[in-house]
Amino acid sequence: MKPLRKSVAELVAEAETEIETLTAEEALALHDQPGVTFVDIRDIRELDREGRVPGAVHAPRGMLEFWVDPDSPYHREVFARDDRFVLFCAKGQRSALATQQLQRMGFGPICHVGGGFSAWRGADGPIEK
């Protein structure tokens, strides 16, 4: 196998320099605020196994760009709101890359939760089973 030019860790570190990262505590302060939509990009099996952030929209990582793009046949109206979107995954790596990609598409305002759902749980954020 040919060596990779960049590792996932390098990609995530680069993304973190371009995007806004919230701590779990900062995210908790925004939870349930008007004009803020939380977006869980984890796989459905992760949600079923670990629980969900109440009120968060589930948008699987593999469909996110398609659901956000108003010209896509897969577009979801929730992403047409003039809200601030807060993405999260399990540990904050996928959401960092996803936030970077959506920001590059011109979507926003957008940010993500550093440490993801694990950090949310560690900060005693509400979870639905």
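See the structure printed just above.
What counts, and at which threshold
- Residues numbered from 1 in each chain as written.
- Predicted model: local features only at pLDDT ≥ 70, side-chain atom pairs only at ≥ 80, totals over all residues.
- Heavy atoms only, no water.
- Phe/Tyr/Trp six-rings, centres within 6.5 Å; stacked < 30°, edge-to-face > 60°.
- Helix = DSSP H or I, 4+ residues; strand = E, 2+ residues; numbered from the N terminus.
- Buried < 20%, exposed > 50% of the residue type's maximum accessible area, 1.4 Å probe, protein only.
- Pairing = 2+ DSSP bridges.
- Contact = heavy atoms within 4.5 Å.
- Axes fitted to C-alpha atoms, helices over the stretch in contact; angles between N-to-C directions.
- Polar contact = N/O pair within 3.5 Å; in protein donor to acceptor, adjacent residues only side chain to side chain.

Brief notes about the packing of aromatic side chains
So, step 1. Scanning the entire structure with this criterion turns up five aromatic pairs.
So, step 2. Each ring, one from phenylalanine 38 and one from tryptophan 120, has its centre 5.7 Å from the other, and the planes form 65°; the classification is edge-to-face. Highlighted residues: phenylalanine 38 in strand S2 (residues 36-40) and tryptophan 120 in helix H6 (residues 116-122), separated in sequence by 82 residues. Residues phenylalanine 38 and tryptophan 120 agree in their burial class; the two are buried.

Concerning the sheet that holds strand S3 (residues 57-58)
So, step 1. With parallel pairing, five strands are arranged side by side in an open sheet as S1-S5-S4-S2-S3. Only two strands of the sheet have a single neighbouring strand rather than two, namely strand S1 (21-22) and S3.
So, step 2. Bridge count between S1 and strand S5 (residues 110-113): two bridges; the pairing is parallel. Bridged to threonine 21 within S5 is histidine 112.
So, step 3. The sheet strands contacting helix H5 (residues 93-105) are strand S4 (84-88) and S5, and the helix crosses S5 at an angle near 175°.

Section: the side chain of threonine 37
So, step 1. Along the polypeptide, threonine 37 turns up in strand S2.
So, step 2. A polar atom in the side chain of threonine 37 sits 2.6 Å from the side chain of aspartate 83.
So, step 3. Setting aside residues up to four positions removed in sequence, threonine 37 forms contacts with Val57, Val78, Arg81, Asp83, Arg84, Phe85 and Val86.

Details of the environment of valine 12
So, step 1. Mapped onto the elements, valine 12 comes out in helix H1 (residues 8-18).
So, step 2. A C-alpha to C-alpha distance of 19 Å links valine 12 and phenylalanine 85, two positions 73 residues apart in sequence.
So, step 3. If near-sequence neighbours (up to four positions away) are discounted, valine 12 is found in contact with Gln93, Ala96 and Leu97.

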